[in-house]
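For reference, the chains in residue letters:
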Amino acid sequence: MPKAAIIIHTRTKHCDYPSALTVTPEGLASKTASSMRKAILAATRSIDSLEKNAVRRVIFSTDGWVMAGMVAFLKHLADGSPDDENLFTDEKGRSIYAFTGLVFQAGQEAPQIDKAALWEGFKKYMSPVWERTTLDLQSAPFADTTALTTASEPPGGQTAGGTTFYTVSGSDSEVFDYYLTQAAQGKDISFCSNIVDFRVIKDRAFNIITTAPNLIERAEKELTEPQPAEQETAPGDKQPNIIPAESNTSRRKTILIIISILLALILLAALAIHQHQKYSNTQQPSPQPSAQPSQQIPSESRDPNPPDIPQNAASQLQSFNYGSADLDAQFRPRAI
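Residues numbered from 1 in each chain as written. Predicted model: local features only at pLDDT ≥ 70, side-chain atom pairs only at ≥ 80, totals over all residues. Heavy atoms only, no water.

Peer 1: Any chance you could explain the overall build of the protein here in plain terms?
Peer 2: When its secondary structure is counted, the protein shows eight helices and eleven strands. Within the protein, contacts between residues at least 6 apart in sequence are counted, and of these 68% link residues at least 24 apart. Carbon and sulfur atoms make up 53% of the accessible area of the protein, which totals about 22,100 Å². (Helix = DSSP H or I, 4+ residues; strand = E, 2+ residues; numbered from the N terminus. Contact = heavy atoms within 4.5 Å. Areas by Shrake-Rupley, 256 points an atom, 1.4 Å probe, with all protein chains shown as cover.)

Peer 1: Where do I start with the confidence of the model for the protein in this structure?
Peer 2: Close inspection of predicted coordinates is inappropriate in any region flagged by low pLDDT. Here the protein averages 81 in pLDDT, while 75% of its residues score no lower than 70. This model gives residues 227–246 a pLDDT under 50, and the stretch forms three contacts once residues within four places in sequence are excluded. Counting interchain partners and residues more than four positions distant, the pLDDT-below-50 stretch residues 313–325 has one contact. (pLDDT = per-residue confidence, 0-100.)

Peer 1: Quick question: what am I supposed to make of the pairing of strand β11 (residues 208–211) here?
Peer 2: Here is the key point about a regular strand: its side chains alternate between the two faces of the sheet. Residues Ile208 and Thr210 point to one face of β11 and Ile209 and Thr211 to the other, with burial holding for every one of them. In this sheet, β11 lies alongside strand β9 (residues 163–167) in parallel orientation, the contact comprising four bridges. Residue Thr164 lies in a different strand from β11, and its bridge partner there is Ile208. Relative to β11, strand β10 (residues 190–195) runs parallel, the two being bridged by three bridges. Its bridge partner lying in β11, Ile195 is registered against Thr211. (Buried < 20%, exposed > 50% of the residue type's maximum accessible area, 1.4 Å probe, protein only. Pairing = 2+ DSSP bridges.)

Peer 1: What is the right way to read the side chain of Thr164 from this model?
Peer 2: Tracing the sequence through the fold places Thr164 in strand β9. When near neighbours in sequence (up to four residues on either side) are disregarded, Thr164 contacts Gly157, Gln158, Thr159, Tyr179, Asn207, Ile208 and Ile209.

Peer 1: Would you mind showing me how to read the nonpolar core here?
Peer 2: Note on soluble globular proteins: their nonpolar side chains tend to be buried together. Ranked by size, the top nonpolar core spans 43 residues in total, and within it Ile59, Met126 and Leu180 carry the most contacts. When contributions to this core are tallied by element, the ones reaching two or more residues are β1 (3–9), β4 (65–73), α2 (74–77), β5 (97–105), α3 (115–126) and α4 (173–184). A total of seven residues in this core trace back to one element, the largest contributor, which is α4. Aside from chain neighbours lying at most four places away, what touches Ile59 is Val66, Met67, Ala68, Phe176, Tyr179, Leu180, Ala183, Ile189, Ser190 and Phe191. Ala43, Trp65, Phe165 and Leu223 belong to the second largest nonpolar core, which has 33 residues in total. (Core = buried A, V, L, I, M, F, W, Y, C linked by side-chain atoms within 4.5 Å.)

Peer 1: Looking at this structure, I do not really get the pattern of salt bridges. What am I missing?
Peer 2: When the charged atoms of two side chains with opposite charge come close together, those side chains can pair. One pass over the full model with this rule turns up 13 salt bridges. Across the pair Glu131 and Lys13 runs a salt bridge whose closest N-O atoms are separated by 3.7 Å. Linking Glu131 in the loop between α3 and β6 (138–140) with Lys13 in the loop between β1 and β2 (23–25), this pair joins segments that are 118 residues apart in sequence. By relative accessible area, Glu131 is classed as partly exposed at 44%. A salt bridge links Lys123 to Asp84; the shortest N-O distance between them is 3.4 Å. Residue Lys123 is located in helix α3, and its partner Asp84 is located in the loop between α2 and β5; the two are separated by 39 residues in the primary sequence. Since its relative accessible area comes to 10%, Asp84 is described here as buried. Here the residues in one salt-bridge network are Arg11, Asp16, Asp90, Glu91 and Arg94, joined through shared partners. (Salt bridge = Lys/Arg side-chain N within 4 Å of Asp/Glu carboxyl O.)

Peer 1: Is there a simple way to explain a nonpolar patch on the surface in this structure?
Peer 2: Together, Ile257, Ile258, Ile261, Leu262, Leu265 and Leu268 make up an exposed nonpolar region whose accessible area comes to about 590 Å². Relative to the assigned elements, Leu262 resides in helix α7 (residues 245–283). Note on Leu262: relative accessible area 48%, which makes it partly exposed. (Patch = residues over 30% accessible without salt bridge, like charges linked within 9 Å, V, L, I, M, F, W, Y side chains within 5 Å.)

Written as structure tokens, this is what we have:
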């Protein structure tokens, strides 16, 4: 019997979808869990366009593990059971969608993916925490499950752009079971049914898809692009140097950045020079007034016959000189 663990991506009544898986198998590496969650998010695109009671079946293999399950509104996964209506909507009455599936290691028998069993597994983990205002992530142990019987390859597959297409019909269980057994054998499988958004097809999120006939025709036109023929070049001919538009844009941005940096440096240098000159001017001493040159009276302008000094004035001057001599003698230091 194959061993498998449940995996769930959902929200609760009061808490939005978390940034990680709500329920993750025990021991699953974070990188592997992140790759699986990415495939789940691709499968939930345009979920509102699903027909009533319809589900999307998903298979995704990575790192030696296989994930298989169903994306659906919970009321469709539960087939509208009135006993479980409290799990169908959030606090605002909006329908809740989720992914519920199993994870198992490749190299063993594929487990049987049953809609009713998935819903019971969902309720086991989510019912006890449904009314909480915080969402705690949980882990699920591996356990024995029922093995899937061998399935035969379905007819009608068409390949375009590396993707295999099947026309959607019923529940797509025949296509799903066959590729689930292929994934269990170790083949690289990424499958999603009921794709109605061409963007998912164009993004090549899955390499096996069931969809409407008109989308298959569109994929055959848009995904199968003719390859340009290689032109032979003579030994002396030179190939034109063609630079992609992205490269030119990147180069222009680089040049603009360099020019902006240079302008900023020039502006800073000019500002520094201005501040330096201003500082130098404040440090210079103020100019001293120049000494006025003594005015020499030319000899020609002197009076050749100076006036006579009065006799009494001469005697006064002589008495002043004697007085000065007496003062000098009075204050001259005496030898001891």
